[in-house]
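Structural characterization, general
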Amino acid sequence: MTETKGLIIVNTGNGKGKTTAALGLGMRAWGQGLRVLVLQFIKGNWKYGELMAAERMGADFVIRQLGEGFVRNAEGDARSDHQAAAEEALTDARTEMMSGSWDMIILDEINYAIKFGLVPVAQVIELLKGKPENLHVVLTGRDAQPEIIDLADLVTEMKEIKHPLKQGIKAQKGIEY
Ligand code: ATP
Ligand code: MG
């Protein structure tokens, strides 16, 4: 039980905290000297708080948007554009995972991309099965697919009990962005 093993970790569910919990893990790992990469699967989803923190943390904690990214609401753009961007994102993720440059990779909102058919679940499963043994991979986003959950070592479902937006409280700096 003492050997090092890279885990597949999933944060899913409707409650707030999927991305921030992944970033918290990333911070813990970084503190231990691990090299952490966060890859964004949804365009324009980044909050300045974590971007500014990552800048201060330096080369071993990097946040990046993949490919061209794609938008959450595909209205107005051809779906094929989003599909192409998502496929490019997955290719970039594969390259980074196999590079040996990282000890933890966070695939933020990849569950959303899978759910909407922009990234084939079979390709993600194949990627996870072929990952370097010691690499930790964290997948976030609502509606994680059963195949992903089956393969994972650690799965947490965030459950909404209350959310301030529902009470008309606007987004707060340091909490939402
Ligand atoms: P966070 O980045 O705060 O950890 P998340 O990753 O769990 O949130 P997402 O599904 O990525 O949540 O949603 C993105 C945005 O929607 C965030 O700004 C988040 O605060 C907000 N949000 C998440 N859950 C809820 C909810 N239950 N009701 C309203 N807004 C929510
Ligand atoms: Mg999120």
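Right above here is the structure, for reference.
A short tour of the structure in this document, coming up.

Procedures and definitions
Residues numbered from 1 in each chain as written. Chains lettered and ligands numbered in written order. Predicted model: local features only at pLDDT ≥ 70, side-chain atom pairs only at ≥ 80, totals over all residues. Heavy atoms only, no water. Buried < 20%, exposed > 50% of the residue type's maximum accessible area, 1.4 Å probe, protein only. Helix = DSSP H or I, 4+ residues; strand = E, 2+ residues; numbered from the N terminus. Arc of directions from axis to C-beta. Near = heavy atom within 4 Å. Polar contact = N/O pair within 3.5 Å; in protein donor to acceptor, adjacent residues only side chain to side chain. Areas by Shrake-Rupley, 256 points an atom, 1.4 Å probe, with all protein chains shown as cover. Nonpolar A, V, L, I, M, F, W, Y, C, P; charged D, E, K, R; others polar. Expected span 1.5 Å × (residues − 1). Core = buried A, V, L, I, M, F, W, Y, C linked by side-chain atoms within 4.5 Å. Pairing = 2+ DSSP bridges. Axes fitted to C-alpha atoms, helices over the stretch in contact; angles between N-to-C directions. Parallel < 35°, antiparallel > 145°, perpendicular 65-115°, else oblique. Contact = heavy atoms within 4.5 Å.

At 3.6 residues per turn, the α-helix brings residues three or four places apart onto the same side. Those residues of helix H2 (residues 48–57) lying buried are Glu50, Ala54 and Met57. Along the axis of H2, the buried residues cluster in a sector spanning 60 degrees; they form a single face. Pointing more than 90 degrees away from the buried face of H2 are the exposed residues Tyr48, Glu55 and Arg56. Phi for Gly58, located one or two positions after H2, is positive at around 90 degrees.

This brings us to the site of ligand 1. Among the 15 residues in the neighbourhood of ligand 1, the closest are listed as Lys16, Thr20, Glu109, Glu160 and Glu176. One nitrogen or oxygen atom from the main chain of Gly17 is found 2.8 Å from an oxygen atom belonging to ligand 1. Glu176 places a side-chain nitrogen or oxygen 2.2 Å from an oxygen atom of ligand 1. Contact with the protein chains removes 86% of the 580 Å² of surface that ligand 1 exposes when unbound. Of the residues that constitute the shell around ligand 1, the class distribution is 1 nonpolar, 6 polar and 8 charged.

This part takes up helix H1 (residues 18–31). In this model, H1 (14 residues) spans 20 Å end to end at C-alpha, consistent with the 20 Å of a helix rising 1.5 Å per residue. Taken as a whole, H1 has its buried residues at Lys18, Thr19, Ala22, Leu23, Gly26 and Ala29. Down the axis of H1, the sector holding all buried residues measures 130 degrees, keeping them to one side. Facing away from the buried side of H1, by more than 90 degrees, are the exposed residues Met27, Arg28 and Gly31. In the stretch just after H1, Gly33 is the one whose phi turns positive, near 90 degrees.

All right, on to the nonpolar core then. One finds Phe41, Leu107, Val124 and Leu139 to be the most contacted residues of the largest nonpolar core, which totals 29 residues. Breaking this core down by element, the ones donating at least two residues are strand E1 (8–13), strand E2 (36–40), helix H3 (79–98), strand E4 (104–108), helix H4 (110–115), helix H5 (121–129) and strand E5 (136–140). Broken down by element, this core gets its largest block of residues, 5 residues, from H3. Val36, Met57, Ile106 and Val138 belong to the second-largest nonpolar core, a separate cluster that totals 14 residues.

A few words now on the sheet that holds strand E6 (residues 154–158). Across the sheet, which stays open at both edges, the 6 strands sit in the order E3-E2-E4-E5-E1-E6 with parallel pairing between neighbours. The two strands at the open ends of the sheet, each matched to only one other strand, are strand E3 (61–65) and E6. Averaged over all adjacent pairs, the angle separating strand axes in this sheet is 15 degrees, with direction ignored. Sheet analysis places E2 next to E3, joined by 5 bridges and oriented parallel. Across the sheet, Val38 pairs through a bridge with Ile63, a residue of E3.

Turning to the packing of H3 against H5, a few remarks are in order. It is the contact of H3 with H5, at a shortest axis distance of 11 Å, that shows an interaxial angle of 5 degrees. Judged by the angle between their axes, H3 and H5 are roughly parallel. Between H3 and H5, the residues in contact are Leu90, Arg94, Met97 and Met98 and Gln123, Val124, Leu127 and Leu128, respectively.

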